[in-house]
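Descriptive analysis of the structure
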Amino acid sequence: VTQLGFRVFRPIKPMMAQMAEDAREVLKETGGSMAFEYKLDGARIQIHKSGDEVRVYSRRLTDVTESLPEIVDLARREIRARQAILEGEVIAVGKDHASPLLFQHLMRRFRRVHEVDDMAREIPIELQLFDVIYLDGDSLLNAEYVERRKRLSEIAGTIQLTKQITTDDPQKAAEFLKEALDSGHEGLVAKKLDSPYTPGIRGKRWFKIKQILEPLDLVIVAAEWGYGRRHRWLSDYYSVSYTHLTL
């Protein structure tokens, strides 16, 4: 597994997940129990903490600290570690904090660098953590996922962790997927229990399971080069609905 010298406040590429059709496919591929956790309809972030200093980075490693002051305050107050690099998901929530809002609302927060307090009142956000990859001088890249999750639960304070079950039963996983979707989330992420953390790599250790939607008329507006065997191919695509385009 990759050996990496960490430096807090120098973000690293996130580990990626492959798409899977359903839980049965994932369990067949891996041949054992998996951790299934909610895939939130939010923005993945990387939180770096050293003492009282906290900085927040987006999935693309952009510094978004100034746009998310409540996340900074929460991490400074609750994370029980001198130094840490953690991963989580930020979602926009209704003012009653009972249900997630669409991803578009959250992006208004990420783009805001002025009058942030007003926007924070208009669009409250919530943090859920799902991984820790560096803790008080120790790299956890090579630690098994179950060990990282345990360490995360020990230092998260009152910060919620992504809801999770561990099972080798595809029916239970399917029921958990329905629960996630009914709660307004995107689907599930399935993770091998012994998986190390591999920055920037999309291997067969993490899988995304989403709801299959009806066909849509979309226009691709951007794309990213793939990793590993797909490095010469365009991989992740970004699109908008054809009907929403202004011609």
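Here's a quick rundown of the structure. Computed from a predicted model, the values in this text were never measured in an experiment. (Residues numbered from 1 in each chain as written. Predicted model: local features only at pLDDT ≥ 70, side-chain atom pairs only at ≥ 80, totals over all residues. Heavy atoms only, no water.)

Judged by nonpolar contacts, the single largest core of 34 residues is most densely connected at I47, I71, I79, L86, L127 and L129. For this core, the secondary structure elements donating two or more residues are β3 (43–50), β4 (53–58), α2 (69–78), β5 (83–92), α3 (103–110), β6 (125–135) and α5 (145–155). If we skip the residues at most four places from it in the chain, L129 touches I47, I79, L86, E87, G88, L152, A156, I159, Q160, L161 and T162. V26, I91, F176 and A180 belong to the second-largest nonpolar core, a separate cluster that totals 18 residues. (Core = buried A, V, L, I, M, F, W, Y, C linked by side-chain atoms within 4.5 Å. Buried < 20%, exposed > 50% of the residue type's maximum accessible area, 1.4 Å probe, protein only. Helix = DSSP H or I, 4+ residues; strand = E, 2+ residues; numbered from the N terminus. Contact = heavy atoms within 4.5 Å.)

Going through the model one piece at a time under the given rule, you end up with 15 salt bridges. Salt-bridge contacts for E37 lead to K191; the nearest nitrogen and oxygen are separated by 3.0 Å. Of this pair, E37 sits in strand β2 (residues 34–39) while K191 sits in strand β10 (residues 187–192), and the two are 154 residues apart along the sequence. In terms of burial, E37 and K191 fall into one category: buried. For R76, the salt bridge identified is with D73, shortest N-O distance 3.2 Å. Here the residue R76 and the residue D73 both occupy positions in helix α2, the gap between them amounting to 3 residues, near one helical turn. The exposure class assigned to R76 is partly exposed, which follows from its relative accessible area of 34%. For D73, a relative accessible area of 40% translates into the label partly exposed. A cluster of three or more residues bridged by salt bridges with shared partners is formed by E37, R149 and K191. (Salt bridge = Lys/Arg side-chain N within 4 Å of Asp/Glu carboxyl O.)

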